[in-house]
Amino acid sequence: MSLDTGFQAGVRISRKEDLMMTHRQRLLAAVRGDMPDHIPYAPRIDLWYNANSLNGTLPRRHQGKTRDQIALSEGWALHKVVADHLHQPDPDAMLHRALGVHFMKEYVAHFTFSDQIKIDVHREGDRTRIRYTTAKGSITTSTVYSQEMRRSGTSVPWIEEHAVKTPDDLKVLAGIFEYMDVVANYEAFKTHQAEVGENGLPVTAFTVAAGPVHHIQKYFLDATEFFHYYRDHQPEILYLADALALLYEKALRVVAESPAEVIQWGSNFDDMLTFPPMFAQHFVPWIRKAKEVLGPKNIRILCHTDGENLGLMDLLHGSGMDVAEAVCPAPMTKVSIQEYYRRWSDRITIFGGVPSNLLLPQLTPEKDFRNFMDGLFSGIGTGARFILGIADTTPPDADFERLVRIGDMVREKGRLPLEAGAFNPVGTATDAEVLAKREPAAPVSQDTRFTKIRQAVLDGQEQALIGQVKELLQQKAAPKDIIDLGMVAAMETLNQAFKDGTVFIPEVLAAARAMNAAVLFLEPHLAEKDKRAGGKILIGTVKGDLHDIGKNMVATMLRGVGFNVVDLGISVAVDAFVRKVAEERPQVLALSALLTTTMPEMRKVIGALTRAGSRETVKVIVGGAPVNKNFANDIGADGYAKDAAEAIDLARSLIG
Ligand code: B1M
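An account of the accompanying structure is given in this report.

How each quantity is defined
Residues numbered from 1 in each chain as written. Predicted model: local features only at pLDDT ≥ 70, side-chain atom pairs only at ≥ 80, totals over all residues. Heavy atoms only, no water. Donors = N, O, S within 2.8 Å, 3.2 Å for Na, K, Ca; no water. Helix = DSSP H or I, 4+ residues; strand = E, 2+ residues; numbered from the N terminus. Phe/Tyr/Trp six-rings, centres within 6.5 Å; stacked < 30°, edge-to-face > 60°. Buried < 20%, exposed > 50% of the residue type's maximum accessible area, 1.4 Å probe, protein only. Pairing = 2+ DSSP bridges. Axes fitted to C-alpha atoms, helices over the stretch in contact; angles between N-to-C directions. Left-handed = near helix turned anticlockwise from the far one by under 90°. Contact = heavy atoms within 4.5 Å. Nonpolar A, V, L, I, M, F, W, Y, C, P; charged D, E, K, R; others polar. Near = heavy atom within 4 Å. Polar contact = N/O pair within 3.5 Å; in protein donor to acceptor, adjacent residues only side chain to side chain. Salt bridge = Lys/Arg side-chain N within 4 Å of Asp/Glu carboxyl O. Core = buried A, V, L, I, M, F, W, Y, C linked by side-chain atoms within 4.5 Å.

Of all protein atoms, just one serves as a donor to the cobalt atom of the ligand, and that atom is His-547 (NE2), at 2.3 Å. Structurally, His-547 can be placed in the loop between strand S12 (536–541) and helix H20 (549–560).

This brings us to the environment of Ala-135. Summarising the element assignment, Ala-135 is placed in the loop between strand S3 (127–134) and strand S4 (137–144). In the structure, Ala-135 is positioned 201 residues away from Ser-336 in sequence and 52 Å away in space, judged by C-alpha atoms.

All right, on to the packing of aromatic side chains then. Here the structure, examined in full by the defined rule, presents 21 aromatic pairs. Ring geometry for Trp-76 against Phe-400: centres 5.7 Å apart, planes inclined by 50°, an arrangement best described as tilted. With a gap of 324 residues between them, Trp-76 in the loop between helix H3 (67–73) and strand S1 (109–112) and Phe-400 in helix H14 (residues 400–413) connect regions that are remote in the sequence. For Phe-400, a relative accessible area of 6% puts it in the buried group. Taken together, a centroid distance of 5.7 Å and an interplanar angle of 50° make the contact between Phe-111 and Phe-206 tilted.

Judged by pairing direction, the sheet is parallel, and its 5 strands sit side by side in the order S7-S8-S9-S10-S11 without closing on themselves. At either margin of the open sheet sits one strand with a lone partner, and together these are strand S7 (262–267) and strand S11 (386–391). Taking each pair of neighbouring strands and ignoring which way they run, the sheet shows an average axis angle of 25°. Inspection of the sheet shows S7 paired to strand S8 (residues 300–304) by 4 bridges, in the parallel sense. Directly across from Ser-267, in S8, lies its bridge partner His-304.

Look at helix H17 (residues 462–474) against helix H19 (residues 505–522): their axes get within 9 Å of each other, and the N-to-C directions meet at 35°. Where H17 crosses over H19, the handedness of that crossing is right-handed. Packed against H17, whose contacting residues are Glu-462, Leu-465, Ile-466, Val-469, Lys-470 and Leu-473, the element H19 presents Arg-513, Ala-514, Met-515, Ala-517, Ala-518, Phe-521 and Leu-522 at the interface. In the contact of H17 with H19, the residues fall into 10 nonpolar, no polar and 3 charged.

Taken together, 41 residues are adjacent to the ligand, and Asp-306, Leu-546, His-547, Asp-548 and Ser-592 come closest. The contact in question runs from a nitrogen atom of the ligand to an N or O atom on the backbone of Asp-306, over 2.6 Å. Contributing elements (two or more residues each) for the shell around the ligand: H20, strand S14 (588–592) and strand S15 (619–623). Of all the elements, H20 adds the most residues to the shell around the ligand, at 4 residues.

This part is about the pattern of salt bridges. For side chains of opposite charge, pairing can occur when their charged atoms come near one another. Applying the stated rule across the entire model yields 45 salt bridges. When the shortest N-O distance is used, the salt bridge between Asp-484 and Lys-480 registers 2.5 Å. Within this pair, Asp-484 and its partner Lys-480 are both found in helix H18 (residues 479–500), separated by 4 residues, close to a single helical turn. A salt bridge links Lys-642 to Asp-643; the shortest N-O distance between them is 3.6 Å. Among the residues examined, Lys-642 registers a relative accessible area of 48% and is labelled partly exposed. Salt bridges here are not isolated pairs; linked through shared partners, they connect Glu-366, Arg-370, Asp-399, Arg-402 and Arg-405.

Okay, the sheet that holds strand S2 (residues 118–124) next. A sheet is described by the order of its strands in space; here 4 strands give the open sequence S2-S3-S4-S5, paired in antiparallel fashion. A single partner strand is all that each edge strand has here, and the edge strands are S2 and strand S5 (158–161). Ignoring which end each strand starts from, the neighbouring axes of this sheet average 25° apart. Bridge count between S2 and S3: 7 bridges; the pairing is antiparallel. Of the residues in S3, the one forming a bridge with Glu-124 is Arg-127. Strand contacts of helix H5 (residues 167–178): S3 and S4, with the helix running at about 90° to S4, the strand carrying the most contacts.

As a further point, take the nonpolar core. With 172 residues, the main nonpolar core has Phe-177, Trp-265 and Leu-388 as its most contacted residues. At 13 residues, helix H9 (residues 234–256) tops the list of elements feeding residues into this core. Counting residues in each nonpolar core, the second largest holds 26 residues, with Val-581, Leu-591, Ile-606 and Val-618 among its members.

It is worth spelling out the side chain of Thr-393 at this point. Within the fold, Thr-393 resides in the loop between S11 and H14. Judged by relative accessible area, which is 9%, Thr-393 ranks as buried. One polar contact links the side chain of Thr-393 to the main-chain carbonyl oxygen of Arg-44, over a distance of 3.4 Å. A distance of 3.2 Å separates polar atoms of two side chains, one belonging to Thr-393 and the other to Asp-46. Those residues within four positions of Thr-393 in sequence are excluded, and the remaining contacts are Arg-44, Asp-46, Leu-47 and Ser-356.

Here you go:
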């Protein structure tokens, strides 16, 4: 695809007085730690563009244009970090997505399958099922790419059935990857570079994982199931990681000889998902290795750090990462942009800085938008090592004029080096202040009869826990006390430690899983009035939203404390919620949404329940990263919970 914008190639900047550096030169200078003439501005607009062009809702002046033409005509640098999934010369570029094997034109290295592996592909409508057969056995995967996903702007198929269903599947996968090879794809990448020209800085990759363990986490297992495997099947995980490591090392050597200048090394870093001990052990060594191999070749390492990074700040700072891309600061996460700049910009280029909610007037009023932008400019010192962008991407429902206005601010006031005091600073909390706001630990039971049972929950040891339950029953302890003073008390301690960052997601999930089993075991012993004392809760992620890790945590923890939870899964349609409420008759309906574009579904569910006459029969509670109390009130929900612990308290208080 050529970038025929009607403008002179190489110097595509909209105002004449700015014709000093090209977009590419500016981006490269920022990436290398040199001082560009202006703050580079490269907003990512793929999702916004895909959704609005398909729905016929592009701004009038941009109708009929490609997304690159829109960016260039607004005077922005092209965002060329993520591969253009929708425009690949190879129609099967994403066929093996569930294995993390992609044949993108933007990738300088491709993994290739050995002839020893038999691959059977079956396509049925939106679904692609694949069976991979090896000498060690076979595995199956299934991916979906629906019209609904297209309309929401998503360009990547969803992995519906992951490769790993049992620990044995890890061995089969090792068998597949042991025999794979790596081939160079330099010519296609050079063509891509030539097309982008001076309008952007193309970033390459070969997967978007930061090494073998991250590859296993990202592609092979359901997001929640990974944490159980990581804890329960470490040897098998590491055996597979060794097989992948050989391939990653080979790919690194291929990248080292390539014409690429920047490589993406890992994505979706988040201190809950890619939690610090795992990050230190399995991610940092690979970021360092990439730096050691590619650094001498002048290829910079870029990581897509779009999640919550508070717990990863120091690890990332010392990892060798050159560019932190998709940086999403407070108020969407806990670290302010000023704090990012203060702690990282001595050696890391920060790319991003504008949380996507800033572009949504319904979530960020005009005054807050202006304050944020002023604070941003005043908080980035001289402006070196900074590329302004939207993290992680511009939402489909963004106010496009805000994107344009940010571009105007950069043009008018972003000449580098920035002059201190040119903008009005706003007060920002330091990380220490954010941490200091954490609530004190909830008091837990000290009853010594239940010390061992509490320990078994904390250790996530299902068999030991059930053993303890049996012992206590023999000693005539009341089943309800075993739950409340033993297990629930332990869960509360664990929740607090999780909030404090001293235990991590695998431990919490293992404890909740063990507790679920123990509560089931105890059920026949409970007095009728105490059975599933919490009552029934229906939970699901709303339509159009595929995020389920947080929802699963909430469901697991609710189950853990004795609620009967029916999980409806992801992307649940309004009608399905209404139907299930009628069928299951829950006391509480818990809705999860992680995208600002799917939050309105929550309102629709409440409206549909009212129309169906069942609103009075059920309490509706809502949660998920972008949701807050005001929104909950506004849509007429009965409550909002910011995390699993709050969801438990809320459900208890609503059910009484
Ligand atoms: Co997505 N993603 N993602 N993503 N992703 C976010 C949410 C985002 C904030 C990243 C960013 O901009 N920095 C952003 C949304 C921006 C916005 O809407 N304004 C975003 C985007 C844009 C997208 C895509 C559109 C990206 C794209 O295609 N370019 C795409 C959308 C796909 C879709 O849903 N249609 C997408 C895809 C994905 C992955 C598939 C790669 C993956 C999801 C994997 C999965 O869930 N199976 C993913 C991930 C991992 C994230 C981040 C990095 C982490 C989310 C997470 O699991 N956190 C996230 C960044 C962020 O949130 N800062 C991001 C850990 C989890 C334990 O926390 O889910 O918040 P959380 O749950 C908490 C609470 O929120 C609460 O309790 C939980 C436990 O404490 N809670 C509830 C949750 N549900 C509740 C329900 C309740 C109560 C409490 O009921 C009462």
